[in-house]
Amino acid sequence: MAKIDASILEALAQAIVSSVHELDAYAGTEKEHICWVKTNFIKHFTEDVFFLNDHSEDNSFSRRYGNLIIRDMLEQLIEFLYLLKNPHLSEEYLGLAIKFDELNRKTSLVNKEKLFGNERYNSKSTGRPSVSDMAKDIGEKSSADGSLTLYKLYQILSERCHNSYFSSLLDDVNKVHSSISACGLDEGQIREVLIMVAIVLSEYNYDVKRPRN
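The structure contained in this document is the topic of the report that follows. (Residues numbered from 1 in each chain as written. Predicted model: local features only at pLDDT ≥ 70, side-chain atom pairs only at ≥ 80, totals over all residues. Heavy atoms only, no water.)

Secondary structure summary: the chain contains 10 helices and 0 strands in total. Tracing the chain from N to C terminus, the helices and strands come up as α-α-α-α-α-α-α-α-α-α. With respect to the principal axes defined by its C-alpha atoms, the chain has extents near 60 × 45 × 35 Å. By sequence separation, contacts in the chain at least 24 residues apart represent 68% of the contacts at least 6 residues apart. By element, 51% of the accessible surface of the chain is carried by carbon and sulfur atoms, the whole surface being about 11900 Å². (Helix = DSSP H or I, 4+ residues; strand = E, 2+ residues; numbered from the N terminus. Contact = heavy atoms within 4.5 Å. Areas by Shrake-Rupley, 256 points an atom, 1.4 Å probe, with all protein chains shown as cover.)

Another point: the pattern of salt bridges. All told, the structure shown has 6 salt bridges when counted by the stated rule. A salt bridge links Lys85 to Asp137; the nearest nitrogen and oxygen atoms lie 3.9 Å apart. Here the residue Lys85 occupies a position in helix α3 (residues 63-85), and Asp137 occupies one in helix α7 (residues 131-137), the gap between them amounting to 52 residues. The salt bridge involving Arg160 is made with Glu192; its shortest N-O contact spans 2.9 Å. One end of the pair, Arg160, is in helix α8 (residues 150-162); the other, Glu192, is in helix α10 (residues 187-203), with 32 residues separating them in the sequence. (Salt bridge = Lys/Arg side-chain N within 4 Å of Asp/Glu carboxyl O.)

Take the state of the cysteines next. Evaluation of the coordinates by the stated rule reveals 0 disulfides. Here Cys183 stays unpaired: no disulfide links it, and the sulfur of Cys161, its closest cysteine neighbor, is 17 Å away. Taking the relative accessible area as the measure of exposure, Cys183 reaches 15% and is therefore buried. (Disulfide = S-S within 2.5 Å. Buried < 20%, exposed > 50% of the residue type's maximum accessible area, 1.4 Å probe, protein only.)

The next thing to look at is the packing of helix α1 (residues 6-25) against α10. Between two packed helices, what matters for the description is the angle formed by their axes and the separation of those axes. The N-to-C vectors of α1 and α10 enclose an angle of 40°; their axes lie 11 Å apart at closest approach. It follows from the interaxial angle that α1 and α10 lie oblique. Once α1 is placed against α10, the crossing between them reads as left-handed. Residues Ile8, Ala11, Leu12 and Ala15 of α1 form the contact with α10, whose participating residues are Leu194, Val197 and Leu201. Tallied by class, residues from the contact of α1 with α10 come to 7 nonpolar, no polar and no charged. (Axes fitted to C-alpha atoms, helices over the stretch in contact; angles between N-to-C directions. Parallel < 35°, antiparallel > 145°, perpendicular 65-115°, else oblique. Left-handed = near helix turned anticlockwise from the far one by under 90°. Nonpolar A, V, L, I, M, F, W, Y, C, P; charged D, E, K, R; others polar.)

Taking 1.5 Å per residue as the helical rise, α10 with its 17 residues ought to reach 24 Å, and the 25 Å between its terminal C-alpha atoms agrees with that figure. Of the positions making up α10, those classed as buried are Gln189, Ile190, Glu192, Val193, Ile195, Met196, Val197, Ala198, Ile199, Val200 and Leu201. Capping the start of α10, Asp186 holds a side-chain oxygen 3.1 Å from the backbone nitrogen of Gly188, two or three residues further along. With its phi angle positive at about 65°, Asn205 sits one or two positions after the end of α10. (Expected span 1.5 Å × (residues − 1). Polar contact = N/O pair within 3.5 Å; in protein donor to acceptor, adjacent residues only side chain to side chain.)

Of note, Ile42 is situated in helix α2 (residues 32-54). For Ile42, the contacting residues outside a window of four places in its chain are Leu12, Ala15, Ile16, Ser19, Val200 and Tyr204.

Rendered as structure tokens:
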């Protein structure tokens, strides 16, 4: 089990402050929407990092919880980077272009839930781009040298989540027979969080070295 360095946590907290100042500075301009995206993202991303760090040595915190959270953070990060590259979509991301008249005519709960997905990206015929397409657009789907990309890491975490209960069963067996705890976060999970943190902080003009894959 490990914890995240306090200097990194402080940098994330400072990034929130900087993002709020940037939002104030660009209020009423064409950059306001993307500033809202940036402020919203860094706030919730930082909350997730702090939460994981607080539970990194918690003996009641199953590692499958960490996998679920890290996987979601990866998806949100890929979408965030996609929006930074395509800031013209930030208004749609914020739900400001939703066609509520059409949405209100829908009776299916599934279709109504698309308010938070496809209906936001209504300038695209396919709605919200897939995680795969967004990752490809930002150059994080595959790599020529075979190194780990954000999308590959997202796939790895997805497989862990698909098999979370079975993996937890194996952890319980190991704990009984080998007294090996599978609670808190392991070194690999911390490294995955730090990879994301380094990418995020670079977007907020903080120089943090990205851990090797």
